[in-house]
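Below, each chain spelled out in residue letters.
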Amino acid sequence: MRTNVLKYLRYAFYSFPLQLLILHIKKHLFVLLFWIILFTSVLQLFGASYGIPLLFLDPEYLGNVNYLSFLIVGFTMGGFFMAWNMSFYVLNSYRFEFLASLVNPFVQFCLNNSLLPLAFTITYIIQLVKFQHTEALLPAGKIILHVSALLTGNLLMVIFTSFFFVFFNHDVETFLNKLSDKAKESLIGKKINLDKLQITKDDHTQWPVLSYLRFPLTISLVRKVDFYDRRLVDKVLLQHHRNAIIFQLMAIVTLIAFGNLMDIPAFRLPAASAFFLGFSVFIFLFSFLSYWFRSWRTLVVIVFFLVLNILTQYDLVVYKHKLYGLDYSKEKITYNNDVVNAAVNKKMIDADIASTKKILNNWHRNMLNKYGEVKPKLIFVNTSGGGLKATYWTFHLLQELERQTGGKFFDHTFLMTGASGGMLGAAYFRELYLRDKQHEKLNYLDTIFLDDMGKDMLNGMATSIITNDIFYPWQTYNYKGGDYKKDRAYMFNKKLNENTDFRMYKLLDEYKKPEQDAVIPMMIVGSTIINDQRFLFFSPQDISYLIKPYIKNSKGYVDDMSTDAVEYKRFFKDKGAQHLNFIDALRTNATYPYIMPAVYLPTAPEIKAMDAGIRENSGLAVSTRFYSVFKDWIDENTSGVIFISLRVDNKLREFNVNEKKTYLSELLSPVGSIFNNFILLQDYNSDVSLAYLENASSTDINVLNFNYDQTNKRKKASMSWHLTNDEKRDIKSAFAQENNQLMLQKLKLLLK
């Protein structure tokens, strides 16, 4: 009995599926990272704050989560499974020469290499059912439909790929049958005495396997192939490798060609599919390197990146995103401290202040004519970044505040500033308000426009990354006579325009007159020059008074103050700054690192612009600076200022009393604390600025914080360019939170 048990245990341990898993762990541990990411994503352990699990559990396609969206995700998931199988068949089949004797050897290999794919599929389905039942609140019939779509898509890809290898791959016997008699004799003797065969010195490369799963699902013992000539076995396996590599190359070429169709909405895949396709590409590349360079693989990769790094210094084989409308063909603008400081002077400052005071006077006249207010309240709207949830929250709040105050709120608003996603919502609300004032037939408070703000932005960008940017953007796009590359930034613009019916697709300067007439509030769109942390300001108005800290005293303007900002309109006036589209200004403001490409500007040395939140995420730094410049006018003509702060996070953070420190966390804490708390540091600085203004001003200053408070929520809306329907409902309901209702009552009281 004991002997039989040990025998079965031995067969189980040396079974092909288990030995393949051990082989992966021992030889290809790095590639298992992809599986770890996938497992932790569907288990909601990886990237939850950025919404990565929701891309798998609630995939959206053409604005809907349905059978088709899950079918596509399943199809690409099957593609990842087959990429995994193909790559490791190429790399490891020589360790299992018995495969050459099997019928449909690649299919048999896939069946035995299915432990990880099967475990992931089961985990995915369990988590999918739990999410759709408890979070999405879908009926059982719909959940079953989605699961069946996922499995159907997976099965279709597996069948398609397997058919290719069944058709082109042959086992040893089939290979022999196709040879001439003379060729057969040269490869295998007519009569072989197996007992007299000597073990060759290469046999140590063989991985011990005693049993394997045979298609469809039977257990078989491994058949010896040592009676075949070694060259014959190698020849058959080499044919399999060649076919697998050809298929991989065809898949990559198809993927690149697919990128040519990304302008068509139907070809923008669910973001989860982009994950599967991206991982497939990396596995293909890994297998290519490993197959051709074997043990030299690591050195080849290091040398490749060293050479690439050297070539990028000369602008070779590197892609740099250019801001649409700027001229990069002529001599670059010199950028250094002297040039930046010289870009602004007292005469310019005084002229710009006078121009803005005219706008303030127009605003004041409008308040007097409409409300009879001699000294009205002046409102500054400051909105924070935070992806699409900040966009949705900002727009929803602006609609609600306007509705609850009977239209007084936005009439009293003079300036809007902020960062990233929040500015998208603010800009769209302002555009709709302008169209309403111009008597266009629309209701800017209609919830249909809130739906626009909640539409997916991520699928198009993810498709661009995986089919285009990951290789090299090769498609071009013409704007104002210049050719620019199509990349994920281009796709961001396109998707934002589609979601908003192209209402904001206009030159930045087209807002100049409506702002000057005080029909709409001024909007200063910021960005961060990451080379030196200066602001880059986009505005149709001349705003040189914000380029360096403004000091008014008996000596006038102080010229030795640091210039910590650049005025785009003036600095790049000879490079086509007048061609800037408002959408591009908003996108530069929302250029989150890695998700979007940094914007390279035509300067020497080259500078890059990224998300405004890197420098200041709330917008208060700009609005308080504006206040300090026009404090005297504000004191004389208003009854005070209201700073409206629209945020998707709490200003003060709570400490996690249950957090357990590890050696690694302690080691990384100095760097981690800076990264995790840099927005908190910005808030501290904003509070200091507000305190200085309060002390210096003779009128009231009120700060009203409208927060999307997620402190006590079990599930928090993710910081992503995609929102689920459940997240949208949660964001809308946040307006009813106690703090926000208290702020609303204060606002109503102040505007009486």
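Residues numbered from 1 in each chain as written. Predicted model: local features only at pLDDT ≥ 70, side-chain atom pairs only at ≥ 80, totals over all residues. Heavy atoms only, no water.

Q: Help me get a handle on the nonpolar core, residues and values and all.
A: In this structure, Trp35, Phe120, Tyr124, Leu601 and Ile644 are the most contacted members of the largest nonpolar core, which totals 151 residues. Ranked by the residues each element gives to this core, the list is headed by helix α5 (residues 67-92), at 14 residues. Once residues within four sequence positions are removed from consideration, Phe120 is found in contact with Trp35, Leu38, Phe39, Val42, Met77, Phe81 and Phe276. One finds Ile349, Trp363, Phe380 and Phe414 within the second-largest nonpolar core, a separate group that totals 36 residues. (Core = buried A, V, L, I, M, F, W, Y, C linked by side-chain atoms within 4.5 Å. Buried < 20%, exposed > 50% of the residue type's maximum accessible area, 1.4 Å probe, protein only. Helix = DSSP H or I, 4+ residues; strand = E, 2+ residues; numbered from the N terminus. Contact = heavy atoms within 4.5 Å.)

Q: Describe in detail the sheet that holds strand β15 (residues 607-610), supporting the description with residues and values.
A: On the basis of which strands lie adjacent, the open sheet formed by six strands has the order β3-β13-β15-β10-β11-β12 and mixed pairing. Two strands in the sheet have a free side with no partner beyond their single neighbour: β3 (321-322) and β12 (565-567). Across two bridges, the pairing between β3 and strand β13 (residues 599-601) is parallel. Considered in β13, the bridge of Lys322 is made with Tyr600. Here helix α24 (residues 582-589) sits on the sheet in contact with β3, β10 (525-529), β11 (534-538), β13 and β15, set at roughly 50 degrees to β10. (Pairing = 2+ DSSP bridges. Axes fitted to C-alpha atoms, helices over the stretch in contact; angles between N-to-C directions.)

Q: Go over the packing of helix α16 (residues 387-404) against helix α29 (residues 738-750) with me, naming the residues and quoting the values.
A: Their axes nearest at 11 Å, the elements α16 and α29 cross at an angle of 45 degrees. Classified by the angle their axes make, α16 and α29 are oblique. By crossing handedness, the relation of α16 to α29 is classed as right-handed. The segment α16 lies against α29, with Trp393, Leu401 and Gln404 engaging Asn740, Leu744, Leu747 and Lys748. Across the contact of α16 with α29, the residue classes tally to four nonpolar, two polar and one charged. (Parallel < 35°, antiparallel > 145°, perpendicular 65-115°, else oblique. Left-handed = near helix turned anticlockwise from the far one by under 90°. Nonpolar A, V, L, I, M, F, W, Y, C, P; charged D, E, K, R; others polar.)

Q: Can you break down the environment of Ser220 residue by residue, with the values?
A: Among the secondary structure elements, Ser220 is positioned in strand β2 (residues 218-221). Sequence separation between Ser220 and Leu210 is ten residues, and the spatial gap between their C-alpha atoms is 8.7 Å. Not counting residues within four places of it along the chain, the set of residues in contact with Ser220 comprises Leu210, Ser211, Tyr212 and Arg214.

Q: Can you explain empty space enclosed by the protein? Please cite residues and give values.
A: In total, this model carries five cavities of 30 Å³ or more according to the counting rule given. Each pocket or cavity is described by its volume, and for the largest cavity that value is around 60 Å³. Taken together, Thr417, Gly418, Ile524, Val525, Gly526, Ser527, Phe535, Phe537, Ala612, Glu616, Gly619 and Val622 make up the lining of the largest cavity. Listed by contribution, the elements that provide at least two residues to the lining of the largest cavity are β6 (413-418), β10 and β11. When residues of the lining of the largest cavity are assigned to their parent elements, the largest contribution, three residues, is made by β10. (1 Å grid on protein atoms, 1.4 Å probe; cavity = no way out; pocket = protein on both sides within 12 Å on 5 of 7 lines; lining within 4 Å. Points joined across faces, edges and corners; volume = space filled by probe spheres on them.)

So, to be careful, I would describe these as geometric facts and stop short of saying anything about function.
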